[in-house]
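Each chain, letter by letter, is given below.
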Amino acid sequence: MCRLLAYQGIPQSLDRLIAKPEHSLIVQSYQPREMTAGVINADGFGIGWYDRDRSEHTAPFIYKHTQPIWTDTNLPDLSRYVETGCMLSYVRAATPGQGVSMSNCQPFRDGNLLFIHNGLIDNFRGGLYKQIRDKLHHHIYQSIDGTTDSEHIFALFSNLLHTHPELPLEVALQRTLQILRDLVEAERTTISANIVISDGDRLIASRFAHRATVPSLYWIKDSSDYPDSVILASEPIFAGNWQTCPMQSIITVSKHRQVEILPI
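Observations concerning the pattern of salt bridges
Counted by the stated rule, this structure contains eight salt bridges. For K130, the salt bridge identified is with D134, shortest N-O distance 2.9 Å. As far as the burial class goes, K130 and D134 line up, both exposed. Among the salt bridges present, the one from R257 reaches D228, with a minimum N-O distance of 3.2 Å.

Take a look at the structure:
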């Protein structure tokens, strides 16, 4: 199980978001508190962010690596330099059988969208791998570089948006999860899918599982150290009024930091 962190608010340095808090994402990579599988997250990491002064046509940036986040000597300088008002990041604990490679590191990107996923589809390669691929348009199929269930979930989501571009992101995510739930039920396997997606203006997240334990996910708004912001995290990164995201729910954070939670 990976650990996720997402931020929407007034611009902050990446360092202040991923490294400075007492239970930061870096700390969670080697000392997580609430993982349901595994004990550390040492199989890579990734950070995706939007330029603080971006136009709507500026694609998000990504920095990722296969090494543990605590060993990357370039990250401290980069994270002190970069400021952003919207960021998604994660540290990875690879599912057995899914290789440690750059193509398997998140975030994944499609145009101006960023995507991160914490969870797994059990027996993915032996079950839903082909079924998901069979639902994809050719150009989406060809865009998949890695072998993870996470990237295939994103491909299914992207496929819905390319087919129905009028869909709001939260509706596309809900439909994606409903398709996956039906596939999982028919295959008699399990899925857990805590997901965060952003277009640079909003965060759209899920806390979801079917026939499996739901991974932890929290949110906090306008904390004293991070005013005018919303933070989503697998585990609270500092002491504060963190709220547990309800199980089987979609969480949306608007451009103006309004939080709405709806059942799936």
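Digging into the nonpolar core
One finds I121, I132, F157, L173, L177, L180 and I195 to be the most contacted residues of the largest nonpolar core, which totals 32 residues. Taken together, the elements giving at least two residues each to this core come down to β6 (113-121), α4 (128-133), α6 (149-163), α7 (169-187) and β7 (191-198). Ranked by residues supplied to this core, first place goes to α7 with seven residues. Those residues in contact with L173 that lie beyond four places of it in its chain are F157, I195, I197, I204, A205, S206 and I250.

Focus on unusual backbone geometry
At the junction of Q106 and P107, the peptide bond is cis and its omega measures out at 5 degrees in the coordinates. Its place among the elements puts P107 in the loop between β4 (83-91) and β5 (108-110). Positioned with a positive phi, N123 is a non-glycine residue whose angle comes to about 55 degrees. In this fold, N123 is placed in the loop between β6 and α4. When its relative accessible area of 52% is taken as the criterion, N123 is described as exposed. Non-glycine residue R257 carries a positive phi angle of around 65 degrees. Mapped onto the secondary structure, R257 falls in the loop between β13 (249-253) and β14 (259-263). You can call R257 buried: its relative accessible area is 14%.

Considerations on the environment of Q131
By the element assignment, Q131 lies in helix α4. The class of Q131 is partly exposed, set by a relative accessible area of 26%. Along the sequence, Q131 and L183 sit 52 residues apart, while their C-alpha atoms lie 8.0 Å from each other. For Q131, the residues in contact, after removing those within four places along its chain, are L183 and E187.

Some details on the side chain of Q28
Take Q28: it is sitting in helix α2 (residues 25-30). For Q28, a relative accessible area of 0% translates into the label buried. Not counting residues up to four positions away in its chain, the partners in contact with Q28 are R3, H23, N41, S234, E235, P236 and I237.

Conventions and cut-offs
Residues numbered from 1 in each chain as written. Predicted model: local features only at pLDDT ≥ 70, side-chain atom pairs only at ≥ 80, totals over all residues. Heavy atoms only, no water. Salt bridge = Lys/Arg side-chain N within 4 Å of Asp/Glu carboxyl O. Buried < 20%, exposed > 50% of the residue type's maximum accessible area, 1.4 Å probe, protein only. Core = buried A, V, L, I, M, F, W, Y, C linked by side-chain atoms within 4.5 Å. Helix = DSSP H or I, 4+ residues; strand = E, 2+ residues; numbered from the N terminus. Contact = heavy atoms within 4.5 Å.

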